[in-house]
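Read off the chains here:
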Amino acid sequence: MARLSPEQNHGNGARPFLKWAGGKAKLAPTILERAPQQFGRFHEPFLGAGAVFFALQATCAQRATLTDVNPALVETFNALCEAPATVARALAALADQYLRAEHADRPAVYYKIRALAPASSVERAARLIFLNRTCFNGLYRENRSGEFNVPHGRYLRPKIVDEALLHACSAALQSAEIRCGDFHEACELAQPGDFVYLDPPYYPLSATASFTAYSRSAFGPPEQRRLRDAFDDLTRRGVAAILSNSDHPAVRELYEGRGYRMDIVTMSRSINSVGTKRASIPELLISNFPPDRPRR
């Protein structure tokens, strides 16, 4: 059984190798402060960039099951886990093609690479990482056909290849099983004594803030209710869980009156293209277990 140890650092330099809308790099320390002191296996059913997993690996060498509904994302994580050097070489080739072009010609190179249909998982992983580092705001969005459709970004000097980071992430992923699937199925795999962190697409705070489709599948109110039911089931089975979501009345209505702890945390959001509109907003951390003694 893992024991979180703030004093002991098992870190190998791993941190998210992808930019991800709603990524939890800034919130991860707060989540781990509220995690159980001891638990069996860690589960992250909404993997995204894996910020909480990588932060956890810096605290304790931890067995984990990482799941996401996005097949391309899962394939990228698996390819990096199995062949980091090969992924890095394929990514470097794409980066060289892009960076050698004149700045005015780079959009054309980007769209040419975006239109590719690589034959191997390694080449597909390199393409996804390349697009993530050069597209608009690091977004991941698919059209109804499942094709990546984010436009070119406006970066003067994008850092596309970080070989040391890719190898560090690969090393951290050796302790993980990486799966493609729905969050409900992922939650069912958790056993009593395990710890689950759930980071769904957030309930939109306004009609103009409803970016909830990281794949071709949307995540609307019915999915939010299914998630609540899965959270209730984890509680009944003795699985510790923390869920993050926007501080919206609809979210509070789903979870209030069930004995759960709700903490408000304030986090900045950087998805807006206008820097002055990237304001901090309150978020909810919902836990189904009492807090442990404070960590020093």
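Calculation rules
Residues numbered from 1 in each chain as written. Predicted model: local features only at pLDDT ≥ 70, side-chain atom pairs only at ≥ 80, totals over all residues. Heavy atoms only, no water. Salt bridge = Lys/Arg side-chain N within 4 Å of Asp/Glu carboxyl O. Buried < 20%, exposed > 50% of the residue type's maximum accessible area, 1.4 Å probe, protein only. Helix = DSSP H or I, 4+ residues; strand = E, 2+ residues; numbered from the N terminus. Pairing = 2+ DSSP bridges. Core = buried A, V, L, I, M, F, W, Y, C linked by side-chain atoms within 4.5 Å. Contact = heavy atoms within 4.5 Å. Arc of directions from axis to C-beta. Polar contact = N/O pair within 3.5 Å; in protein donor to acceptor, adjacent residues only side chain to side chain. Axes fitted to C-alpha atoms, helices over the stretch in contact; angles between N-to-C directions. Parallel < 35°, antiparallel > 145°, perpendicular 65-115°, else oblique. Left-handed = near helix turned anticlockwise from the far one by under 90°. Phe/Tyr/Trp six-rings, centres within 6.5 Å; stacked < 30°, edge-to-face > 60°. Nonpolar A, V, L, I, M, F, W, Y, C, P; charged D, E, K, R; others polar.

*Asks:* Would you take a moment to explain the pattern of salt bridges for this structure?
*Replies:* Two side chains that carry opposite charge are able to pair once their charged atoms sit near each other. Within the structure shown, the criterion is met by 17 salt bridges. As a salt-bridge pair, D263 and R261 come within 3.0 Å of each other at their nearest N and O atoms. D263 sits in the buried class, given a relative accessible area of 14%. One network of salt bridges, with partners in common, ties together R228, D229, D232 and R258.

*Asks:* Looking at this structure, I do not really get unusual backbone geometry. What am I missing?
*Replies:* For residues other than glycine, phi is negative in most cases, and the peptide bonds are mostly trans. With phi around 60°, N137 is a residue other than glycine that occupies positive phi space. As for its position among the elements, N137 is in the loop between α6 (121–134) and α7 (163–173). By relative accessible area, which is 22% here, N137 ends up partly exposed.

*Asks:* Explanation requested: the pairing of strand β6 (residues 195–198) in the structure shown.
*Replies:* Every regular strand shows the same layout, with side chains that alternate between the two sheet faces. Neither face of β6 is exposed, since F195 and Y197 on one face and V196 and L198 on the opposite face are all buried. Strand direction decides the pairing type here: strand β3 (residues 42–44) and β6, joined by two bridges, are parallel. Each bridged residue has a counterpart across the sheet, and for H43 the counterpart in β6 is V196.

*Asks:* Is there a simple way to explain the nonpolar core in this structure?
*Replies:* It is characteristic of soluble globular proteins that their nonpolar side chains tend to be buried jointly. Core analysis: the largest hydrophobic core is formed by 67 residues, its most contacted members being F17, L18, F42, F53, F54, F77 and F130. Each residue touching F53, except ones within four places of it in the same chain, is listed here: F42, E44, A64, L66, A172, L173, S175 and A176. Residues V196, L198, L227 and Y260 belong to the second largest nonpolar core, which totals 20 residues.

*Asks:* Just checking my understanding: could you explain helix α5 (residues 106–114) for this structure?
*Replies:* For an α-helix the count is 3.6 residues per turn, leaving residues at separations of three or four pointing the same way. Considered for burial, the residues of α5 that qualify are R106, V109, Y110 and I113. Looking straight down α5, one finds that the buried residues subtend no more than 100° of arc, so they occupy a single side. More than 90 degrees from the buried face of α5, the exposed residues found are A108 and K112. Buried-residue contacts for α5 involve α4 (84–99) and α6.

*Asks:* Looking at this structure, I do not really get the side chain of H248. What am I missing?
*Replies:* For H248, the position within the fold is in the loop between β7 (240–246) and α10 (249–255). We classify H248 as buried; its relative accessible area is 18%. Only 2.9 Å separates the side chain of H248 from the backbone nitrogen of A250, close enough to count as a polar contact. Residues in contact with H248, not counting those within four places in the same chain, are Y203, P204 and L205.

*Asks:* Even after reading the chapter, I still don't get the environment of H184, so can you show me in this structure?
*Replies:* Tracing the backbone shows H184 in helix α8 (residues 183–189). A C-alpha to C-alpha distance of 9.0 Å links H184 and D229, two positions 45 residues apart in sequence. Residues contacting H184, with those up to four places away along its chain left out, are R226 and A230.

*Asks:* Explanation requested: the packing of α4 against α7 in the structure shown.
*Replies:* A pair of packed helices can be characterised by two numbers: the angle between their axes and the separation between those axes. Where α4 contacts α7, the axes come no closer than 9 Å and their chain directions differ by 150°. It follows from the interaxial angle that α4 and α7 lie roughly antiparallel. Of the two elements, α4 crosses α7, and the hand of that crossing is right-handed. The segment α4 lies against α7, with P84, A85, A88 and L91 engaging E163, L166, H167 and S170.

*Asks:* I would appreciate a short explanation of the packing of aromatic side chains in the present structure.
*Replies:* The relative placement of two aromatic rings is captured by the distance of their centres and the angle of their planes. The full count for this structure, using the stated rule, is 15 aromatic pairs. Here F46 and F183 contribute two aromatic rings whose centre-to-centre distance is 5.4 Å and whose plane-to-plane angle is 25°, an arrangement assigned as stacked. Taken as a pair, F46 in the loop between β3 and α2 (51–57) and F183 in helix α8 lie far apart in primary sequence, 137 residues in all. Grouped by ring-pair contacts, the aromatic residues F17, F53, F54 and F77 constitute a single cluster.

*Asks:* It is not clear to me how the packing of helix α3 (residues 71–82) against α6 should be interpreted in this structure. Could you clarify?
*Replies:* Viewed as axis vectors pointing N to C, α3 and α6 meet at an angle of 110°, and their least axial separation amounts to 9 Å. By the angle class used here, α3 and α6 are roughly perpendicular. Once α3 is placed against α6, the crossing between them reads as left-handed. Facing α3, whose interface residues are A72, L73, E75, T76 and A79, α6 presents S121, V122, R124, A125, L128 and I129. For the contact of α3 with α6, the residue count by class is seven nonpolar, two polar and two charged.

By themselves these figures say nothing about function.
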